[in-house]
Amino acid sequence: MFSNFKERFMTALAPDLPPLPSSERSDHHHRRFGNQQMPDKFPYARPPFLQLLTVDELRASADHNVRPIIVPRDINLLPWGTGYAECVNSGKSEWNEDQGAFCRRVLSDPEHKHPDLPYTYFGIFDGHAGYGAALAASHQFHHILHETLVDCIELLLPRDTEGGENGRLNPTFPHPIYFQRRVSKDELIIGALESAFFSMDSLIAQDSNRYRDAGGCTACVSLFIDGKMYVANAGDSRAVLCQRRANAPAEPKNDSVIEPDPLEATCYPVPFSADHTPETERERLLNVARLKPHLMANQYVAMEYAKRPHIKDMGQRILCRQGTMKGWTYKTLTRDDLRMPVVNGEGKRSRLLGTLGVSRGFGDHELLAINTGIQIKPFLTPHPDVRQRDLTQVVSIPDEHNQDGDYGVLVMATDGLWDVSENEAVSRTVFQTLSKYPTEKHRYTMVAQELVARARGKINDSGHWRLADSKAAATVDDISVIVIPVYQYYQEHIEWTQNYTRDLEKRRRQAQANMAQEAQEVSVLNGGVMAEEAHVEEEEEEDGEVVVLEAKAQIQTEPQAQPHAEAEEALVVEISAPVEQAPQQQATSTAADVAAAESQKDSAAVTQQQPQSQPQPQSSQQRSRGKGNKGKHYSNVN
């Protein structure tokens, strides 16, 4: 209730301001499906970077009497100081059906083996038969474009073929050299843009079953990626690269000769798109009608006549051409030739099936031809023309301070600008305005504002809009302009390249360090295994030597043990003799002890000549035996 009161109050204060679209206004903004109303997919709004957030601001921007020029409040929202300006039509439609968009994103390697690849996208969309298609494209196209770029991310990301995997390419990481046909990055990006255009058109068709009729729109998109600029266009919006030659050395002035303006002599435009209208695509449209005559439903004729035929000319010869014919030929006029041609009119007044003034774009899935009710969509296509420029090949001399002239300033605008402005005039306006603001940060916003102001013109006393520099009629259509300083992007690309080079060098050094560490670990591991094997072999050799020495010691001690045994037997025998013979036996035993001592000395000398590693238990056992025998002998004697 409060909103209704506020709306009535605002209408009383400013009756010329249109009300905002709401669910209560179903006749114009909603289509019925059965007994249900079809809602909008996106509520009406202006581009987010304009920051028109309140209802009053939206209404003020759509004032057809004032036609205010809207620019961003915060110019930092757009990258590189890019300029943007717009104004509403003079009453052609209730709301501004143009939309602008931009997006900055990064393509990242899921495995983090390759550096990220940033890109920036700008889009401008001119709606017709409603604002729904342009609004949907401004919200969704950049998401679709990102998905198509991600599909070929492995082929777009920069890769280190010199340091990665010892300079060899990884077959599991796709590379164009593995394809049967040569595929370049330019073809991949162009294919991504083309695929995104078709996908966006299909999405609008799918939404037609759930949301209200979105109408249609043209699309002009620019993509800055990997040091290159790509422009894709479908429709009559246009992109022009404004350039300027460096100032030539000053020559002596001649007062008798009127010298031209230096800007006019040095500025020049480079078209980066082609308008797709029924006139420019007459050949394609007539060929479609000739190959598929059922699309015309016997209501149109796929012919082009040098003179519009009339019923009074029946039976006479008339110049005409059909399909893909480049020249003209004669034919006899029949009643079928009196039908409306598929393409009629010339220039901006050319129409497809007498209804639509563009031949490419998004939407128009439910658009019907006037008077006949035939579907127009089969004659339309979302396929864009894509042009590209390699900014790394641009030659610019720093001392000349002509970066904007060498790299160019890209102007993307809807047909509201180009209907009343030539490419050359736009180029002059760009550099004239830049020369007025040589260092200001908002200089490109001022360029966009100036272009919109000149195309809009001024309103006269009779309420008609006229161009300021002439009395010609100004545009009555919506105007939206984006001014992109290409050199500012190139500076950003150079910085990214330097960071990428440093990161690549760091990756290479890290890879080399890892390889060296792995080699060292392998060598240490191999050295430990070899040392262990040598130690085992040494132990085996020592065990063999010990066994041999023990065998030798046993062989040498056996002959020495035999005399001891004989002496022991002799002592036992002598001890059992009578006591009378004791002195004699004592003398005999004394002599035997002396002989045994000498034999022990000889055996000790032989033992000392053996290696030191010879085991000692044998000799100690022998000594214990000798001592034991001697003790037993002397105890018995006593």
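Residues numbered from 1 in each chain as written. Predicted model: local features only at pLDDT ≥ 70, side-chain atom pairs only at ≥ 80, totals over all residues. Heavy atoms only, no water.

Focus on the overall build of the protein
A tally of helices and strands in the protein yields 15 helices and 22 strands. The long-range share in the protein, meaning contacts at least 24 apart out of those at least 6 apart in sequence, stands at 70%. For the protein, the accessible area works out to roughly 35900 Å², and carbon and sulfur atoms hold 52% of it. (Helix = DSSP H or I, 4+ residues; strand = E, 2+ residues; numbered from the N terminus. Contact = heavy atoms within 4.5 Å. Areas by Shrake-Rupley, 256 points an atom, 1.4 Å probe, with all protein chains shown as cover.)

A look at the sheet that holds strand 3 (residues 83-87)
Pairing within the open sheet is antiparallel, and its 5 strands lie in the order 3-22-19-8-9. One side of each edge strand has no neighbouring strand; the edge strands of this open sheet are strand 3 and strand 9 (267-271). Each strand of the sheet is rotated relative to its neighbour by a mean of 20°, with strand direction disregarded. The pairing of strand 3 with strand 22 (residues 479-485) spans 5 bridges and is classified as antiparallel. Paired with Cys87 across the bridge in strand 22 is Ile479. Contacting strand 8 (238-244), strand 9 and strand 19 (409-413), helix 11 (residues 423-436) crosses the sheet at an angle of about 55° to strand 8. (Pairing = 2+ DSSP bridges. Axes fitted to C-alpha atoms, helices over the stretch in contact; angles between N-to-C directions.)

What to know about the pairing of strand 13 (residues 329-332)
Regular strands have side chains that alternate between both faces of the sheet. Bridge analysis of strand 12 (residues 317-322) against strand 13 gives 4 bridges, and the strand direction is antiparallel. Residue pairing for strand 13: Cys320 is matched across the bridge by Thr329.

Considering the sheet that holds strand 12
Read across the sheet, 3 strands follow the order 11-12-13 without closing on themselves; strand pairing throughout is antiparallel. For this open sheet the edge positions go to strand 11 (303-305) and strand 13, each flanked by a neighbour on one side alone. Direction aside, neighbouring strands of the sheet carry axes that sit 55° apart on average. In this sheet, strand 12 lies alongside strand 11 in antiparallel orientation, the contact comprising 3 bridges. Bridge pairing in strand 12 places Glu304 opposite Arg321.

A short note on the confidence of the model for the protein
Of the residues in the protein, 71% have a pLDDT of 70 or more, and the chain-wide mean is 79. In the predicted structure, residues 162-173 sits below a pLDDT of 50 and forms 17 contacts with residues beyond four places in sequence or in another chain. Low confidence marks residues 603-638, where pLDDT is under 50. Its contacts with residues over four positions away, or in another chain, come to 22 contacts. (pLDDT = per-residue confidence, 0-100.)

Concerning helix 12 (residues 443-456)
Between its first and last C-alpha atoms helix 12 spans 20 Å; for 14 residues at 1.5 Å apiece the expected length is 20 Å, and the two agree. One or two positions beyond helix 12, positive phi appears at Gly457, with a value near 75°. (Expected span 1.5 Å × (residues − 1).)

Focus: the environment of Thr497
With respect to the secondary-structure elements, Thr497 resides in helix 13 (residues 486-575). Given the relative accessible area of 29%, Thr497 is considered partly exposed. In sequence terms Thr497 and Asp226 are 271 residues apart; their C-alpha atoms lie 9.1 Å from each other. Among the polar contacts listed, one links the side chain of Thr497 to the backbone oxygen of His493, at a separation of 2.8 Å. (Buried < 20%, exposed > 50% of the residue type's maximum accessible area, 1.4 Å probe, protein only. Polar contact = N/O pair within 3.5 Å; in protein donor to acceptor, adjacent residues only side chain to side chain.)

With respect to the environment of Val409
Here Val409 is to be found in strand 19. For the pair formed by Val409 and Val240, sequence separation is 169 residues and the distance between their alpha carbons is 8.2 Å. Apart from the residues within four sequence positions on either side, Val409 is in contact with Val240, Leu241, Cys242, Asp404, Val430, Leu434, Val483 and Ile484.

Side note on unusual backbone geometry
Even without a glycine there, the phi angle at Trp80 is positive, about 65°. Following the sequence through the fold, Trp80 ends up in the loop between helix 3 (55-61) and strand 3. With relative accessibility at 13%, the residue Trp80 sits in the buried group. A positive phi angle is found at Ala297, which is not glycine, with a value near 50°.

Section: the pairing of strand 22
Taken across its 7 residues, strand 22 has 7 buried, putting it largely inside the fold. Alternating residues of strand 22 divide into Ile479, Val481, Val483 and Pro485 and Ser480, Ile482 and Ile484, and every residue in both groups is buried. Where strand 19 and strand 22 come together, 5 bridges link them in antiparallel fashion. Following the sheet pairing, Met412 is matched in strand 22 by Ile482.

Things to note about the packing of helix 4 (residues 132-151) against helix 6 (residues 185-207)
A pair of packed helices can be characterised by two numbers: the angle between their axes and the separation between those axes. Contact pair helix 4 / helix 6: the axes reach a minimum separation of 9 Å and the direction vectors enclose 135°. Relative to helix 6, the element helix 4 lies oblique. Once helix 4 is placed against helix 6, the crossing between them reads as right-handed. Packed against helix 4, whose contacting residues are Ala133, Ala136, Ala137, Gln140, Phe141, Ile144, Leu145, Thr148 and Leu149, the element helix 6 presents Ala192, Leu193, Ser195, Ala196, Phe197, Ser199, Met200, Leu203, Ile204 and Asp207 at the interface. Its residues assigned to classes, the contact of helix 4 with helix 6 comprises 14 nonpolar, 4 polar and 1 charged. (Parallel < 35°, antiparallel > 145°, perpendicular 65-115°, else oblique. Left-handed = near helix turned anticlockwise from the far one by under 90°. Nonpolar A, V, L, I, M, F, W, Y, C, P; charged D, E, K, R; others polar.)

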